[in-house]
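Inside the fold
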Amino acid sequence: MTIPPEQANHALNITLAALQLLMKHCIKYMDLKIYGENTTSFSLQLLSFAAVVRENLKGSTFKSVPDWTSVTDDNPHIKSHPHFDKTVDYLPPS
């Protein structure tokens, strides 16, 4: 199956926009440090995302490509996170 170049370019531009937004949010990862002490609960997925970013970030630059598939509710790295206890009573927004 051959994909027309315009369609392929459009798909990659959408992917680029999503990745740029994700990178922007990764750099804002520091928000977790700013608000983490005062919040009452964390989702497991947010803590897992923070762990993956922390493992791969050096300063404000990624030192390696994060394995985003490891962002899960059962990521073993979150159990040692200082805010893990705040995941116990987490209720997702309704």
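Here, residues in each chain are numbered from 1, in the same order as that chain's written sequence. Owing to the predicted nature of the model, reporting of local features is limited to residues with pLDDT of at least 70; listing and counting of side-chain atom pairs is limited to 80 or more, with chain, interface and lining totals taken over all residues. Values shown for side chains rest on all heavy atoms present in the structure; no hydrogens or waters enter the calculation.

Observations concerning the overall build of the protein chain
- Assigned secondary structure in the protein chain consists of 3 helices and 2 strands.
- Going from the N terminus to the C terminus, the protein chain shows its helices and strands as α-α-α-β-β.
- Throughout, exposure labels follow a simple rule: accessible area from a 1.4 Å probe, protein chains only, divided by the maximum for the residue type, with under 20% read as buried, over 50% as exposed, and the rest as partly exposed. Counting only residues that meet the buried cut, the protein chain has 24% of its 94 residues in that class.
- Long-range pairs, those at least 24 residues apart, make up 63% of the contacts in the protein chain between residues at least 6 apart in sequence.
- Under the convention used here, a 1.4 Å probe and the Shrake-Rupley method define accessible areas, while residue burial counts only the protein chains that appear. Total accessible area on the protein chain is roughly 7,200 Å²; 61% of this is exposed by carbon and sulfur atoms. Here a strand is any run of E in DSSP of at least two residues, a helix any run of H or I of at least four, and the numbering for each starts at the N terminus. We call two residues in contact when some of their heavy atoms are within 4.5 Å.

A few points about the packing of aromatic side chains
- Between rings of Phe, Tyr and Trp, where Trp is taken as its six-membered ring, a pair exists when centres lie within 6.5 Å; planes separated by under 30 degrees are stacked, by over 60 edge-to-face, and by other angles tilted. Summed over the entire model, instances satisfying the criterion amount to 1 aromatic pair.
- When the ring of phenylalanine 49 is compared with that of tryptophan 68, the centres are 5.3 Å apart and the planes differ by 15 degrees; the resulting orientation is stacked. With phenylalanine 49 in helix α3 (residues 44-56) and tryptophan 68 in the segment after β2 (61-62), this pair connects stretches of sequence that are 19 residues apart.
- Take tryptophan 68: its relative accessible area is 31%, and that puts it in the partly exposed class.

A word on α3
- The terminal C-alpha atoms of α3, which comprises 13 residues, lie 19 Å apart, in line with the 18 Å expected from a rise of 1.5 Å per residue.
- All of the buried residues in α3 are Leu47, Ser48, Phe49, Ala50, Ala51, Val52, Val53 and Asn56. Helix span is expected to be 1.5 Å times the residue number reduced by one.

A look at the nonpolar core
- By convention a nonpolar core is built from buried Ala, Val, Leu, Ile, Met, Phe, Trp, Tyr and Cys residues, the set being connected through side-chain atoms within 4.5 Å. One finds Phe49, Val52, Val53, Leu57 and Val71 forming the largest nonpolar core, which totals 5 residues.
- At 3 residues, α3 tops the list of elements feeding residues into this core.
- Beyond its immediate stretch of four places on either side in the chain, valine 71 contacts Gln45, Ser48, Phe49 and Val52.

A closer look at the side chain of histidine 81
- Structurally, histidine 81 can be placed in the segment after β2.
- Judged by relative accessible area, histidine 81 falls into the buried class, the value being 8%.

Here we look at the environment of aspartate 85
- As for its placement among the helices and strands, aspartate 85 is situated in the segment after β2.
- A relative accessible area of 55% places aspartate 85 in the exposed class.

Thoughts on the confidence of the model for the protein chain
- With 89% of its residues at a pLDDT of at least 70, the protein chain reaches an overall mean of 81.
- pLDDT measures the predictor's confidence residue by residue and takes values from 0 up to 100. Summarising per-element confidence for the protein chain, the mean pLDDT is lowest in helix α2 (residues 30-35) (67) and highest in α3 (83).

Re the environment of serine 80
- Among the secondary structure elements, serine 80 is positioned in the segment after β2.
- On the basis of relative accessible area, serine 80 is assigned to the exposed category, the value being 65%.
- The spacing of serine 80 and alanine 51 is 29 residues in sequence and 9.8 Å in space, taken between C-alpha atoms.
- Whenever two N or O atoms come within 3.5 Å, that pair is a polar contact, provided that in protein one can donate a hydrogen and the other can accept it, and provided that, for residues adjacent in sequence, both atoms are side-chain atoms. A polar atom in the side chain of serine 80 sits 3.3 Å from the backbone oxygen of histidine 77.

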